[in-house]
Amino acid sequence: MEQVFKTKKAGTWQYIIIGIVILIMLLSACLGKNWAIPALAGTIAPFFLLYSRIKTLYFIKDNGVLEIKPGWGNKICVDGIRKVSYNPNAIGIQKVKIEHAQGFVMVNPDKPLEFVEALRKIYPNLSVEGFELIKN
């Protein structure tokens, strides 16, 4: 049976920082600052990237394929998974590294322990590291 996992929600602080930056640039644009409009345009791409990451879904299929469907864009299909590791100190929001036949992919499921257990059911010889560091 196919299992679906959502991406862990971004921290409130990320939305607050983006909101403050946009507000400062809007106010600067209203005050006639020449740099404000290009800078405001530069904040749009990070906002949409964050939105896409938040809307990413992970589908673990019965045939052993992990399908990663981002908020927009092409889905990624991963099979031949060999190792899954969790690194709480990883830079960025993606903490789970999945090594597979073609390389590796970084993901951020909302329930990492359940996610790795679902992968273990399909790949019984899966090497798993670092998940004992997750605090419930």
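A. Main features of the overall build of the protein. A tally of regular secondary structure across the protein gives 3 helices and 8 strands. Starting at the N terminus, the α and β elements of the protein follow one another as β-α-α-β-β-β-β-β-β-α-β. Radius of gyration (C-alpha) of the protein: 19 Å, far over the 14 Å computed for a compact globule of 136 residues. Each principal axis of the C-alpha distribution contributes one length, and for the protein these read about 60 × 30 × 25 Å. Residues classed as buried in the protein amount to 35% of the 136 residues present. Within the protein, contacts between residues separated by at least 24 positions form 45% of all contacts whose residues are at least 6 apart in sequence. Accessible surface computed for the protein: about 8,800 Å², of which carbon and sulfur atoms make up 61%. The protein carries 17 positive and 10 negative side-chain charges, and their two centres are separated by 9 Å.

B. Spotlight on the environment of Glu 117. Within the secondary structure, Glu 117 is located in helix 3 (residues 112-122). Taking the C-alpha atoms as reference points, Glu 117 and Val 128, separated by 11 residues in sequence, lie 9.8 Å from one another.

C. Spatial organisation of the sheet that holds strand 8 (residues 127-129). Strand order in this open sheet of 4 strands is 7-6-5-8, and the pairing throughout is mixed. Every other strand in the sheet has two partners, leaving strand 7 (103-107) and strand 8 as the edge strands with one partner each. Here the average twist between neighbouring strands, direction ignored, is 15 degrees. Of the pairings in the sheet, the one linking strand 5 (residues 83-86) to strand 8 comprises 3 bridges and is parallel in character.

D. The arrangement of the sheet that holds strand 1 (residues 3-6) in detail. Pairing within the open sheet is antiparallel, and its 4 strands lie in the order 1-2-3-4. Among the strands making up the open sheet, the edge pair consists of strand 1 and strand 4 (76-78). The sheet shows a mean angle of 20 degrees between the axes of neighbouring strands, direction not considered. Pairing of strand 3 (residues 66-69) with strand 4, which is carried by 3 bridges, proceeds in the antiparallel orientation.

E. Representation of the environment of Met 106 in the model. Take Met 106: it is sitting in strand 7. What makes Met 106 partly exposed here is its relative accessible area of 27%. Sequence separation between Met 106 and Asp 62 is 44 residues; the distance between their C-alpha atoms is 21 Å. Beyond its immediate stretch of four places on either side in the chain, Met 106 contacts Gln 94, Lys 95, Val 96 and Lys 97.

F. Seen up close, a positive patch on the surface. Positive charge collects at one region of the surface, where Lys 6, Lys 9, Lys 55 and Lys 111 lie side by side. Within the fold, Lys 6 resides in strand 1. In this structure Lys 6 comes out as exposed when scored by relative accessible area, which is 52%.

G. Representation of a nonpolar patch on the surface. A surface patch of nonpolar side chains, about 490 Å² in accessible area, is lined by Ile 44, Phe 47, Phe 48, Tyr 51 and Trp 72. With respect to the helices and strands, the residue Trp 72 is situated in the loop between strand 3 and strand 4. By relative accessible area, Trp 72 is classed as partly exposed at 42%.

Procedures and definitions
- Per-chain numbering applies: the sequence of each chain, read as written, is numbered from 1 onward.
- Given that this is a predicted model, residues contribute local features only at a pLDDT of at least 70 and side-chain atom pairs are listed and counted only at 80 or more, while totals for whole chains, interfaces and linings are drawn from all residues.
- Side-chain numbers here rest on the full set of heavy atoms in the structure, without hydrogens or water.
- Runs of E in the DSSP output that reach at least two residues are strands. Runs of H or I that reach at least four are helices, and both are numbered from the N terminus.
- With C-alpha atoms as the basis for the radius of gyration, the globule rule is written as 2.2 Å multiplied by the number of residues raised to the power 0.38.
- When accessible area is computed with a 1.4 Å probe and restricted to protein chains, residues below 20% of their type maximum are described as buried, those above 50% as exposed, and intermediate ones as partly exposed.
- Note on contacts: a residue pair is in contact if any heavy atoms of the two residues lie within 4.5 Å.
- Shrake-Rupley sampling with a 1.4 Å probe provides the accessible areas, and residues are treated as covered by the protein chains on show and by no other component.
- Just so you know, the count uses Lys and Arg for positive and Asp and Glu for negative, and it drops His and the chain ends.
- Here the site of a charge means atom NZ of a Lys, CZ of an Arg, CG of an Asp or CD of a Glu.
- Think of it this way: DSSP has to see at least two bridges between two strands before they count as a pair.
- Axes, fitted as lines to C-alpha atoms, cover a helix only where it is in contact. Angles between the N-to-C directions of the axes lie from 0 to 180 degrees.
- Within this analysis, patches are made of residues with over 30% relative accessible area and no salt bridge. Like charges are joined at 9 Å or less; nonpolar side chains (Val, Leu, Ile, Met, Phe, Trp, Tyr) at 5 Å or less.
- One side-chain nitrogen of Lys or Arg within 4 Å of one carboxyl oxygen of Asp or Glu is enough to make a salt bridge.

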